[in-house]
Amino acid sequence: EAQVTQNPRYLITVTGKKLTVTCSQNMNHEYMSWYRQDPGLGLRQIYYSMNVEVTDKGDVPEGYKVSRKEKRNFPLILESPSPNQTSLYFCASSGEGDATNEKLFFGSGTQLSVL
Amino acid sequence: SQKIEQNSEALNIQEGKTATLTCNYTNYSPAYLQWYRQDPGRGPVFLLLIRENEKEKRKERLKVTFDTTLKQSLFHITASQPADSATYLCALHTGGFKTIFGAGTRLFVKA
């Protein structure tokens, strides 16, 4: 089954404790992206990757890092989480032969709480 | 500033009626526009894409229009069913590899 898999589904942590949210897709997609979703603000793009070893900032990249060492994986790293990073996070991918993100496939989300 | 606006108030309609959701944008010239459905606790699911040179796109009971002069897209669900109850997100491709999302409109279809 074609899918984007995020882990963990829920995460509670404390301020300053480094964490990684994993994302993997099995569709051989070139494009991958991370979003956060907050009430009333919609989905906001954090980082995206056009291909292996190629990443770029989205609209809200502060406090986040990403890496794209393999085509299927795109982890999101919070080096020193803060309470304002409490949010619902989604990973997405697209490809299917087209160069741009015309149809995004989303993971099920990671609900992060930073205390 | 660049903005995408969807009606933040929930839309309540009776089963069998047509639901119409609105997406307005300012200061963009998108190459295309997408609509997604999101259920509580789940990731968005792609529904339809309409390009700037297309006026209307249909898929089963769904219809999307795109007016680049008005900077508006309308999303219609005909013969609505309770199973159509969800949040619907509008998204614009703003060039390069960026997709910008609206906050979504919650739809409730009553049996």
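Structural data are supplied above this passage.
Not measured: the values here are computed from a predicted model.

**Student:** Give a description of the interface of chain A and chain B that names residues and reports values.
**Tutor:** Contacts between the two partners involve 24 residues from chain A, matched on the other side by 21 residues from chain B. Taken over both partners, the interface formed by chain A and chain B buries close to 1700 Å², and the fraction arising from carbon and sulfur atoms is 52%. Where chain A meets chain B, there are one salt bridge. The shortest N-O distance in the salt bridge between K98 of chain B and D59 of chain A comes to 3.5 Å. Between the two partners, chain A and chain B, sit four residue pairs in polar contact (both at pLDDT 80 or more). For the side of chain A that touches chain B, the secondary-structure elements that each account for two or more residues are β4 (31–38) and β5 (42–51) of chain A. Per-element tally for the side of chain A that touches chain B: the top contributor is β5 of chain A, with five residues. Taken together, the residues of the side of chain A that touches chain B break down into ten nonpolar, nine polar and five charged.

**Student:** Could you give an account of the side chain of S93 of chain A, with specific residues and numbers?
**Tutor:** Secondary-structure assignment places S93 of chain A in strand β9 (residues 87–94). In this structure the side chain of S93 of chain A is engaged in a polar contact, spanning 2.8 Å, whose partner is the side chain of H29 of chain A.

What counts, and where the lines are drawn
Residues numbered from 1 in each chain as written. Chains lettered and ligands numbered in written order. Predicted model: local features only at pLDDT ≥ 70, side-chain atom pairs only at ≥ 80, totals over all residues. Heavy atoms only, no water. Contact = heavy atoms within 4.5 Å. Buried area = accessible area lost by both parts, 1.4 Å probe. Salt bridge = Lys/Arg side-chain N within 4 Å of Asp/Glu carboxyl O. Polar contact = N/O pair within 3.5 Å; in protein donor to acceptor, adjacent residues only side chain to side chain. Helix = DSSP H or I, 4+ residues; strand = E, 2+ residues; numbered from the N terminus. Nonpolar A, V, L, I, M, F, W, Y, C, P; charged D, E, K, R; others polar.

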